[in-house]
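Secondary and tertiary structure notes
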Amino acid sequence: MDNRVGTYGFTAEPFHCDFTHKLFMGHLGNHILNAAEFHASDRNFGMERLMPINRTWVLSRLAVEMNAMPVENQKFNVSTWVESAMKYFTNRNFEITAEDGQVMGHARSIWAMIDTATRQPADILEVGDGEINKWLCDKPCPIAKPSRVKISSEPHLVRSLDTAYSDIDVNGHVNSVKYIDHVLDLFPASWYKTHILHRLDVAYVAEAYAGDHLHFYIDNVSAPSCNVSVTKSTSEGETEVCRCALQFEE
């Protein structure tokens, strides 16, 4: 067994599933991020190692493509490995499988390391003299790389909201998965009776914090797919914080 790949077991808890009895994409996102941290910590480049030296990982891009979502009470595994590491970014991939080995989907992600004091990029290869490189793995990941997500000059504003306590994570900014939850809430429950989210791309552009006023714009609608831009209000207008591309199947 390749010890460069970590495999972690999870369960689709009933209270993490929607009315179709399938796992919410946001909760799958949490399991994916947990697997990333478990893998990094097991290999000594996780948060426990980084926080004392004022470093942390932040998610830059995420693409999740699912052929089948875990259903209520189903046990499943998330395997993860690091594909490549550069000075400021690392590519990490995932495979989601049922207990019987059936492949349910894959994910690709790009991570940056930042200085927790300055919030500026930090050199990944300085940690342990580039120790992360010994864990690089060429295991295939068959889905396309995360998209940049293009937004036109005139997207349509559909919702605005203030960030609150439950949006903020240990890094002090809006949690990566919370953006996914808010974006999927732009569609009514009736939409999910006839549509399944097949692929999600998220490009994180800037940080948002507690109390920020967020705006959600839908663009490039080509049913059943669309792009979403999320901005925050600033003294100078609005600043984009993330973009999402959603591909639904009927």
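Residues numbered from 1 in each chain as written. Predicted model: local features only at pLDDT ≥ 70, side-chain atom pairs only at ≥ 80, totals over all residues. Heavy atoms only, no water.

Re the sheet that holds strand β3 (residues 75–85)
Reading across the sheet, the 10 strands line up as β1-β3-β4-β5-β2-β7-β10-β9-β8-β6 and stay open at both edges, with antiparallel pairing between neighbours. Strand pairing shows two members of the sheet lacking a second neighbour, β1 (6–11) and β6 (156–162), which therefore form its edges. When strand polarity is set aside, the average angle formed by the axes of neighbouring strands in this sheet is 25°. Bridging between β3 and strand β4 (residues 89–98) involves 9 bridges; their strand directions are antiparallel. Across the sheet, residue S84 finds its bridge partner in β4, namely N91. Sitting on the sheet, helix α1 (residues 25–42) is in contact with β1, β2 (55–66), β3, β4, β5 (103–115) and β7 (196–204), with an inclination near 145° to β1. Packed onto the sheet, helix α3 (residues 176–184) meets β2, β6, β7, β8 (213–222), β9 (225–234) and β10 (237–249) and runs at close to 130° relative to β7. (Pairing = 2+ DSSP bridges. Helix = DSSP H or I, 4+ residues; strand = E, 2+ residues; numbered from the N terminus. Axes fitted to C-alpha atoms, helices over the stretch in contact; angles between N-to-C directions. Contact = heavy atoms within 4.5 Å.)

Points about the environment of T116
Tracing the chain through its elements places T116 in the loop between β5 and β6. Among the residues examined, T116 registers a relative accessible area of 25% and is labelled partly exposed. In contact with T116, not counting residues within four places along its chain, are N54, R55 and T56. (Buried < 20%, exposed > 50% of the residue type's maximum accessible area, 1.4 Å probe, protein only.)

Some words on unusual backbone geometry
The residue H21 is not glycine, and still its phi comes out positive at about 70°. Of note, H21 is situated in the loop between β1 and α1. By relative accessible area, which is 46% here, H21 ends up partly exposed. Positive phi outside glycine occurs at N73, with the angle close to 70°. Checked against the element boundaries, N73 lands in the loop between β2 and β3.

Quick look at the nonpolar core
Core analysis: the biggest nonpolar cluster contains 62 residues, and M25, L28, F76, Y179, V228, V230 and L246 have the highest contact counts within it. Excluding its chain neighbours within four sequence positions, the residues that come into contact with V230 are Y179, V183, L214, H215, F216, T239, E240, V241 and C242. Residues V5, W81, C137 and I143 belong to the second largest nonpolar core, which totals 5 residues. (Core = buried A, V, L, I, M, F, W, Y, C linked by side-chain atoms within 4.5 Å.)

Some points on the packing of aromatic side chains
For the structure shown, the criterion picks out 8 aromatic pairs. Taken together through their ring pairs, the aromatic side chains of F187, W191, Y192 and F248 make up a single cluster. The lysine or arginine in question, R43, covers the ring of W135, its NZ or CZ lying 5.3 Å from the ring centre. Here K139 stacks its cationic end above the ring of W81, 5.2 Å away from the centre of that ring. (Phe/Tyr/Trp six-rings, centres within 6.5 Å; stacked < 30°, edge-to-face > 60°. Lys NZ or Arg CZ within 6 Å of the ring centre and 35° of its normal.)

Here's the deal with the side chain of H215
Residue position: H215 is located in strand β8. Overall, H215 belongs to the buried group, its relative accessible area being 9%. A distance of 2.8 Å separates polar atoms of two side chains, one belonging to H215 and the other to S160. Polar contacts involving the side chain of H215 include one to the side chain of S233, which spans 2.7 Å. Look past the residues within four positions of H215 in its chain and what remains in contact with it is L157, R159, S160, S229, V230, T231, K232, S233 and E238. (Polar contact = N/O pair within 3.5 Å; in protein donor to acceptor, adjacent residues only side chain to side chain.)

Describing the pattern of salt bridges
This model, assessed by the stated rule, comprises 11 salt bridges. In this structure, D115 engages R55 in a salt bridge whose closest nitrogen and oxygen atoms are separated by 3.0 Å. One end of the pair, D115, is in strand β5; the other, R55, is in strand β2, and 60 residues separate them in sequence. Across the pair, R55 and D115 agree in class, each one buried. Residue E131 pairs with K134 through a salt bridge whose shortest N-O separation is 3.8 Å. For E131, a relative accessible area of 27% translates into the label partly exposed. When salt bridges with common partners are traced through the structure, they connect R49, E131 and K134 into a single cluster. (Salt bridge = Lys/Arg side-chain N within 4 Å of Asp/Glu carboxyl O.)

Examining α3
For an α-helix, 3.6 residues make a turn, and residues three or four places apart therefore share a direction. For α3, a buried count of 7 out of 9 residues is recorded, marking the element as mostly surrounded by other parts of the structure. The N-capping residue of α3, defined by a side-chain oxygen 2.8 Å from the backbone nitrogen of V177, is N175.

Considerations on the environment of S84
Among the structural elements, S84 can be located in strand β3. In this structure S84 comes out as partly exposed when scored by relative accessible area, which is 22%. Filtering out sequence-adjacent residues up to four positions away, S84 remains in contact with T90, N91 and L136.

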